[in-house]
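# Architecture at a glance
Here's the letter readout for the chains.
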Amino acid sequence: MQIDLHAHSTASDGTSTPVELVAEAAAAGLDVVALTDHDTTAGWSAAAEARPDGLALVPGAELSCRWRGGPWPISLHLLAYLFDPSDPTLAGELARVRMARETRAERMVELMHADGIDVTWEEILQDAAGGTVGRPHLAKALIRRGLVTTVTEAFEPQWLGTRYRVPKEDLDVFAALRLVLDAGGVPVFAHPRASVRGPVVPDSLIIEMAGAGLFGLEADHTDHNPEERAQIRALAGELGLVVTGSSDYHGTNKTVRLGARTTAPEVLERITAAGHGSNVLG
């Protein structure tokens, strides 16, 4: 079986609609795909209705989190599978984070305006198309103006990486773990050793997270080199955590394709057995 447990749609910062995403997953030869948009479940219904025969859909989300226990705060992402989307506490916190993302993006537009870059808030909202607003939507505006050529370039320090970047409001990672577990979900730490993205958390935090209910670590990810993947697998083995693999697909916003990394069937079985807030479809 070909199982990809991390993919994004236009409900957050992907370029494929939920309907297009499930069609692309089937065309890529996947048997299972997880829809894990940032801090939202908005794409679940459309993806479920459009799911082709032979493709199973795992409902999920990628939660924006932060750890403040070190010398400086570190951003991290928590993949949450099979939680109850109607859980009022989790739904309320995700709505708060999405609103904070929008406020942050507006401030970034203001910073660009101050430097004479005529990006408009209206075009950002149009690109987001009702989904969670993120930096890729700002990147598209810079691309249209010929200031950069790719989303990756737009994320460099002189653009949205530092100069026009505003810190975003996130969930405390242990609060996020509790929210996911209380909503019947299964939490997996996304790309935990992706040092190419910035500072990573120490093993001691992952050990503490495992004690608080973390279920797995995403090891096979494009942003991990072979040594980092091996480190994650070893730590997961010591802690009794599952190991997942996935593409972290964002459509044309990234070059990684669906199914570039996959998860073992027995791992999906364990995730499915642990989740009781929603069901795998198909």
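Higher on the page you've got the structure.
Our subject in this report is the structure included herewith. Computed from a predicted structure; not experimentally measured.

### Structural notes on the overall build of the protein
Each helix and strand counted, the protein has 11 helices and 8 strands in total. Whereas a compact globule of 282 residues would reach a radius of gyration of roughly 19 Å, the protein reaches 18 Å, a difference of no more than 12%. With respect to the three principal axes, the spread of C-alpha positions in the protein is 55 × 45 × 40 Å. The proportion of buried residues among the 282 residues of the protein is 51%. Taking the intrachain contacts of the protein between residues at least 6 apart in sequence as the baseline, contacts between residues at least 24 apart amount to 70%. About 11,800 Å² of surface is accessible on the protein, with carbon and sulfur atoms providing 52% of the total. Charged side chains in the protein number 24 positive and 38 negative. The centres of these two groups are separated by 4 Å.

### As for the side chain of Thr132
Residue placement: Thr132 occurs in the loop between helix 4 (121-128) and helix 5 (135-144). On the basis of relative accessibility, which here comes to 4%, the residue Thr132 falls in the buried class. In terms of polar contacts, Thr132 uses its side chain to reach the backbone carbonyl oxygen of His38, at 3.3 Å. Those residues in contact with Thr132 that lie beyond four places of it in its chain are Ala11, Ser12, His38, Thr40, Arg98, Arg101 and His137.

### With respect to unusual backbone geometry
Positive phi, normally seen in glycine, also occurs at Asp39, with a value near 60°. With respect to the helices, strands and loops of the structure, Asp39 is situated in the loop between strand 2 (32-38) and helix 2 (44-50). Positive phi, normally seen in glycine, also occurs at Asp248, with a value near 55°. Within the fold, Asp248 resides in the loop between strand 8 (242-245) and helix 11 (265-274). Residue Asp248 is classed as buried on the basis of its relative accessible area of 3%.

### Quick notes on the environment of Gln158
Relative to the helices and strands, Gln158 resides in helix 7 (residues 157-161). Setting aside anything within four residues of it in sequence, one finds Gln158 in contact with Arg163 and Tyr164.

### A few points about the pairing of strand 1 (residues 3-7)
Burial analysis of strand 1 places 5 of its 5 residues in the buried class, the great majority of the element. Across 3 bridges, the pairing between strand 1 and strand 2 is parallel. Residue pairing across strands places Ile3 opposite Val32, the latter belonging to strand 2. A crossover links strand 1 with its parallel partner strand 2, the connecting element being helix 1 (residues 18-27), and its sense is right-handed.

Thresholds applied
- Residues numbered from 1 in each chain as written.
- Predicted model: local features only at pLDDT ≥ 70, side-chain atom pairs only at ≥ 80, totals over all residues.
- Heavy atoms only, no water.
- Helix = DSSP H or I, 4+ residues; strand = E, 2+ residues; numbered from the N terminus.
- Rg over C-alpha atoms; globule rule 2.2 N^0.38 Å.
- Buried < 20%, exposed > 50% of the residue type's maximum accessible area, 1.4 Å probe, protein only.
- Contact = heavy atoms within 4.5 Å.
- Areas by Shrake-Rupley, 256 points an atom, 1.4 Å probe, with all protein chains shown as cover.
- Lys, Arg positive; Asp, Glu negative; His and termini not counted.
- Charge placed at Lys NZ, Arg CZ, Asp CG, Glu CD.
- Polar contact = N/O pair within 3.5 Å; in protein donor to acceptor, adjacent residues only side chain to side chain.
- Pairing = 2+ DSSP bridges.
- Right-handed = clockwise from strand over helix to strand, strands pointing away.

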